[in-house]
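# Residue-level structural notes
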Amino acid sequence: MTPITLRRPDDMHLHLRDGAMLEAVLPESARHFARAIVMPNLVPPVVTAAQAAAYRDRILAALPAGMAFEPLMTLYLTETTDPGDVAAAAASGLVRAVKLYPAGATTNSASGVRDFDRVRGVLERMAAIGLPLCVHGEVTDPVVDIFDREAMFIDRVLDPIRRATPGLRVVMEHITTAEGVAYVQGGGDTLAGTITTHHLILNRNHLLAGGIRPHYYCLPVAKREHHRLALRAAATGGAVRFFLGTDSAPHPDHLKEHACGCAGCFTATNTMAILAHVFEEEGALDRLEGFTSLHGAAFYGLAPNAARITLEKTAIPAAWPARIATGAGPVTVFNPGFPVYWQVSD
Ligand code: DOR
Ligand code: ZN
């Protein structure tokens, strides 16, 4: 089979962390990806333009010599976020999106939004200037079952916000349900959805049947098989409003293999090979470039990358390190659970 060449991909949802973890995981993304929308859920979170500029500098300082990578920065939305600061950060080109975490929804989301009326001014300003809102779409009401939290968020929070803020550009991130797929499909051109690599592979049985597998635990949690199939159809179907956001989210193994383990799958290392496998299975290799390299850039108003990467079919299964070493402890690389006969060759 002849190798396939794509525009260099962008990861439209990535956790790079900071310090020793940043140093270890950044090359794993930069090896294949030209750019990434970088999540702001550090401790403390990246709330102001000044914090985003400092974080961007730390990312660029951690980039090994000879690697090219452009971090696309985001701000963490709080109830006290200043619309003027957001607008200035967007106008300067520093910030490409604002991230909405409902308070308590996931890792380091305690400073997120509780009362959505209190962020109305920021959202209206963002709609006026065309700055996208990236949304972690899960309700946090403790009485709502964790498997229902995404679908409930659409009805209770996301749709009301979009109706109240006409023109607001929204990325519903890491969608995990058929309801999420349908909402994005019906949302017009101000709405897009990102899909992770691991949610194309996992259903909730992979996580829980036959033993609990902490390295498959992420948020939003993997759902039933019919939801996974809806995600695969959306990702491989060619629609421009679905694109890759890996949500690659490193945690050291001792915090994953724990009585109260952290959420996150670390997929930066092998995402492109796994996606080639998935798209080949779906007879959609010709749509891989759209999903990884064109649709996301278009939604964010960026030109596609000029550089290319090549993927080739291999005779023996690809071998990745089971884990990568970081200064914060080893981080397990996502194991798709089946052999992958693809590799990025350059
Ligand atoms: O699995 C996840 N990990 N989901 C999130 O929303 C956050 C992320 C993280 O930061 O670890
Ligand atoms: Zn994330």
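Before reading further, recall that the structure is shown in the block above.
Residues numbered from 1 in each chain as written. Chains lettered and ligands numbered in written order. Predicted model: local features only at pLDDT ≥ 70, side-chain atom pairs only at ≥ 80, totals over all residues. Heavy atoms only, no water.

## Notes on helix H5 (residues 149–164)
An ideal rise of 1.5 Å per residue puts 22 Å on 16 residues; H5 measures up with 21 Å between its terminal C-alpha atoms. At Asp155, H5 shows its largest kink, close to 40 degrees. Residues of H5 that are buried sit in contact with strand S5 (95–100), helix H4 (120–129), strand S6 (133–135), strand S7 (170–172), helix H6 (178–185) and strand S8 (191–195). (Helix = DSSP H or I, 4+ residues; strand = E, 2+ residues; numbered from the N terminus. Expected span 1.5 Å × (residues − 1). Bend = angle between axes of the 7 residues up to and from the residue. Contact = heavy atoms within 4.5 Å.)

## A few points about the coordination of the zinc ion (ligand 2)
Listed as protein donors to the zinc ion (ligand 2) are His13 (NE2), His15 (NE2) and Asp247 (OD); their distances from the metal cover 2.0 Å. Coordination of the zinc ion (ligand 2) draws on donor residues from a single chain, spaced H-x1-H-x231-D in sequence. Of this pair, His13 sits in strand S2 (residues 10–14) while Asp247 sits in the loop between strand S9 (242–244) and helix H9 (253–256), and the two are 234 residues apart along the sequence. As far as the burial class goes, His13 and Asp247 line up, both buried. (Donors = N, O, S within 2.8 Å, 3.2 Å for Na, K, Ca; no water. Buried < 20%, exposed > 50% of the residue type's maximum accessible area, 1.4 Å probe, protein only.)

## Notes on the nonpolar core
If you look at the biggest cluster of nonpolar residues, it comprises 92 residues, and the most contacted ones within it are Leu16, Phe69, Leu77, Met126, Leu133, Ile195 and Phe279. At seven residues, the largest contribution of residues to this core is made by helix H10 (residues 271–281). Residues within four places of Phe279 in sequence aside, it is in contact with Ala235, Thr236, Ala284, Leu285, Arg287, Leu288 and Phe291. (Core = buried A, V, L, I, M, F, W, Y, C linked by side-chain atoms within 4.5 Å.)

## Brief notes about the pattern of salt bridges
Considering all chains together, one arrives at 14 salt bridges under this definition. A salt bridge links Glu28 to Arg31; the nearest nitrogen and oxygen atoms lie 3.1 Å apart. The exposure class of Glu28 is buried, given its relative accessible area of 9%. Look at Arg31 and you get partly exposed, because its relative accessible area is 40%. Note that Arg156 is salt-bridged to Asp141, the shortest N-O span being 3.5 Å. Of the two residues, Arg156 sits in helix H5 while Asp141 sits in the loop between S6 and H5, which places them 15 residues apart along the sequence. Residue Asp141 is classed as partly exposed on the basis of its relative accessible area of 27%. Salt bridges sharing common partners tie together Arg232, Glu281 and Glu282. (Salt bridge = Lys/Arg side-chain N within 4 Å of Asp/Glu carboxyl O.)

## Looking at the site of ligand 1
Neighbouring ligand 1 are 13 residues, the closest being Arg17, Asn41, Leu219, His251 and Ala263. In this structure, Asn41 approaches ligand 1 through a side-chain N or O atom, which is 2.9 Å from an oxygen atom. His136 is positioned such that a nitrogen or oxygen atom in its side chain is 3.2 Å from an oxygen atom of ligand 1. Among the residues making up the shell around ligand 1, the classes are represented as four nonpolar, seven polar and two charged. (Near = heavy atom within 4 Å. Polar contact = N/O pair within 3.5 Å; in protein donor to acceptor, adjacent residues only side chain to side chain. Nonpolar A, V, L, I, M, F, W, Y, C, P; charged D, E, K, R; others polar.)

## What about the environment of Arg224?
Relative to the helices and strands, Arg224 resides in the loop between helix H7 (204–208) and helix H8 (225–236). Take Arg224: its relative accessible area is 47%, and that puts it in the partly exposed class. Spatially, the C-alpha atoms of Arg224 and Ala127 are 35 Å apart, while their sequence positions differ by 97 residues. Each residue touching Arg224, except ones within four places of it in the same chain, is listed here: Asn203 and Arg204.

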